[in-house]
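If you want the building blocks of each chain, they are given just below.
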Amino acid sequence: MAKVTAYAPASMGNVSVGFDLLGAALQPLDGSRLGDRVSVEDAEAPAFACCGPYEDVLPRDPAQNIVLKAVEAFFEASGLAPQPLSLTLEKNLPVGSGLGSSASSVVAACAALNRFFDDPLNEVELLRLMGELEGQISGSIHYDNVAPSYLGGLQLMVADFARKLPAFDDWYWVVAYSGISLSTAKMRALLPEQYDKGTTIAFGQNLAAFVDACYRQDQQQALAMLKDELAEPHRAAHIPGFVAAKSALAELGADAVGISGSGPTLFAVCRDKESAQRAKNYLDTCYLANARGFAHICRLAEDGVIYQSEK
């Protein structure tokens, strides 16, 4: 191919019940591009450009951009000889938002490179590479953002790969980014190094019950299990407006509310569009802190990465 472009959707890590083990890819109903795009094409000399609404928050030094780091890592992992390429990153996700911003860039870059060179890496190898690159940004290797962004839907991390869970077709996922940025590494540092036995048992029980509910399509059980035993108790107070918003959204009819990734983005699950619209209206008015914030009513992005190729 002369040019390959890959779009990688935004993602919610943890989804409350599955810290570092559960993630979901998002697609706004209004067609908004909530995800990054990376284009790869042949060039006589290496070139890199950035554009998009959040281009201004990227490192000024191109060498520090995760997309260029992905190029180097891809050639090493694939065993291909490095060659000059022209790459363009369209940055549509805010940094430090809790929407898998760095993961989206990593997934789009790795997927575009792999497709451009006729897929030398299989899905398992490519996902492992994506996780390692994501770990350079967040401070630890985890796959709950890269896996859904790459593979789509609701993804459960397992020992050797990731598995797409049967989701609930009538759920609306309302997400709101307040407009402020929070460092994933710093938000992870808020968590204790050890948890007591009761907390870890509750975490395991809730995640197991949620997965069981997904396979049995038991909405009531799944919604009851969407609670965070590990991270939210330590992070909620550090996310401006979250505690008040969670209470208000419950009163407006949201069936579950949680932190997307490390925050400040929050998500609310609603089972009808009217409740979802009420939630969005509240968040637009009461949660967004500045003009860079946004709220969207979403479904799960079932396809994950979307490719566009030109010969």
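Before reading on, note that the structure itself is shown above.
Description of the structure in this document. Positions within a chain are numbered from 1, following the residues in the order the chain's sequence is written. Where local features are concerned, this predicted model is filtered to residues with pLDDT of at least 70; where side-chain atom pairs are given and counted, the filter is 80 or more; whole-chain, interface and lining totals use all residues. Hydrogens and waters are ignored; side-chain quantities use all the structure's heavy atoms.

**Thoughts on the environment of Ala-70**
Secondary structure is summarised from DSSP: a helix means a run of H or I of at least four residues, a strand means a run of E of at least two, and numbering begins at the N terminus for each. With respect to the element layout, Ala-70 can be found in helix α1 (residues 66–78). Taking the C-alpha atoms as reference points, Ala-70 and Val-106, 36 residues apart in sequence, are found 6.7 Å from one another. Not counting the four nearest positions on each side in its chain, Ala-70 is found in contact with Ala-109, Cys-110, Leu-113 and Leu-133. Pairs of residues are marked as contacts when any of their non-hydrogen atoms sit within 4.5 Å.

**Topic: the packing of α1 against helix α2 (residues 101–116)**
For helices, the fitted line uses only the C-alpha atoms of the stretch in contact; every axis is such a line through C-alpha atoms, and the angle between N-to-C directions lies from 0 to 180 degrees. One way to put it is that α1 packs onto α2 with a least axis distance of 9 Å and a crossing angle of 40°. One finds that α1 runs oblique with respect to α2. Along this stretch, α1 crosses α2, giving a crossing that reads as right-handed. In this structure, α1 contributes Ile-66, Val-67, Ala-70, Val-71 and Phe-74 to the contact, and α2 contributes Ser-105, Val-106, Ala-109, Cys-110, Leu-113 and Asn-114. Across the contact of α1 with α2, the residue classes tally to nine nonpolar, two polar and no charged. An angle counts as roughly parallel when it lies under 35 degrees, as roughly antiparallel when it exceeds 145, as roughly perpendicular when it falls between 65 and 115, and as oblique in every other case. Left-handed is the label given to a crossing in which the near helix is rotated counterclockwise from the far helix by less than a right angle, and right-handed is the label when the rotation is clockwise. Note on residue classes: Ala, Val, Leu, Ile, Met, Phe, Trp, Tyr, Cys and Pro are nonpolar, Asp, Glu, Lys and Arg are charged, and everything else, Gly too, is polar.

**Comments concerning the sheet that holds strand β1 (residues 3–9)**
Read across the open sheet, the five strands follow the order β5-β6-β4-β1-β13; overall the sheet is mixed. The sheet is open, and its two borders are formed by β5 (47–51) and β13 (306–310), each paired with just one other strand. Within the sheet, the average angular offset between the axes of one strand and its neighbour, ignoring direction, is 15°. Relative to β13, β1 runs antiparallel, the two sharing five bridges. Looking at the pairing, Ala-6 lines up with Tyr-307 of β13. Most of the contacts of α1 go to strand β6 (residues 85–90), to which it runs at about 135°, and overall it touches β4 (35–42), β5 and β6. Together, β1, β4, β6 and β13 form the strand contacts of α2, whose direction differs from that of β4 by roughly 30°. A pair of strands is labelled paired if DSSP reports no fewer than 2 bridges between them.

**Topic: the packing of helix α9 (residues 242–251) against helix α10 (residues 273–286)**
Two elements in contact, α9 and α10, have axes whose closest approach is 10 Å; the angle formed by their N-to-C orientations is 150°. Comparing the axis directions of α9 and α10 gives the class roughly antiparallel. Handedness of the crossing formed by α9 with α10: right-handed. Of α10, the residues touching α9 (which contributes Ala-244, Ala-245, Ala-248 and Leu-249) are Ala-279, Tyr-282 and Leu-283. Here the residues of the contact of α9 with α10 sort into seven nonpolar, no polar and no charged.

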